[in-house]
Amino acid sequence: MDYSGCSPEQLVDLLADKTQRNDVIRALIGGLTATELRRVHVSDAAQVALIRGLKHGNSKVRWWCIQLLDHIADETYVAPLLAAAYTDPTPRNRRHAIHALACEKCKPDRCRLRVDIRADLRQMMQFDPDPSVRETARLELAELEAA
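Residues numbered from 1 in each chain as written. Predicted model: local features only at pLDDT ≥ 70, side-chain atom pairs only at ≥ 80, totals over all residues. Heavy atoms only, no water.

1. Observations concerning helix H4 (residues 44-53)
Part 1: Listing the buried residues of H4 in full gives Ala46, Gln47, Ala49, Leu50 and Gly53. Down the axis, H4 shows its buried residues gathered within 165° of arc, on one side only. In H4, the exposed residues that point more than 90 degrees away from the buried face are Asp44 and Arg52.
Part 2: Tucked into the core, H4 has its buried residues touching helix H1 (8-14), helix H2 (21-29) and helix H5 (59-72). (Buried < 20%, exposed > 50% of the residue type's maximum accessible area, 1.4 Å probe, protein only. Helix = DSSP H or I, 4+ residues; strand = E, 2+ residues; numbered from the N terminus. Arc of directions from axis to C-beta. Contact = heavy atoms within 4.5 Å.)

Next up, the structure:
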């Protein structure tokens, strides 16, 4: 399918359809694999659409936006990812948003985002209603403090 006529917002909506997802990701940000994602340049419109996608009504769309931001993130994505880590209604998405904020291996330059989220991780460890999210926060905090 030709996605050239689709807006970034329309492409983000299509992330819900697994039969189109790979092509949609390539059309939206220009790559799919971790290696490709390290070299992409995300347009301002795609960046805005991905950030808006963090509040999409479909949990799968939110997850894919988090997944993509994990691999292309820079400091401009910190606040939206942090909001997702605190407020996404799906524990899986909150866990992955925590990962996206803390992981260095997935980033284009293989460096952590220049942000101190240790206080946020402590708060999530204490107050998130889901035990798996609390455990993810604990593990990421331990890794950050060991570095």
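2. With respect to the nonpolar core
Part 1: Among the nonpolar cores identified, the biggest contains 40 residues, and Ile29 and Leu50 are the most heavily contacted of them.
Part 2: Elements with a contribution of two residues or more to this core: H1, H2, H4, H5, helix H6 (78-87), helix H7 (91-102), helix H8 (118-127) and helix H9 (131-146).
Part 3: Looking at which element gives the most residues to this core, the answer is H5, with 6 residues.
Part 4: If sequence neighbours within four positions are ignored, Ile29 has contacts with Leu37, Val40, His41, Val42, Leu50, Leu68 and Ile72. (Core = buried A, V, L, I, M, F, W, Y, C linked by side-chain atoms within 4.5 Å.)

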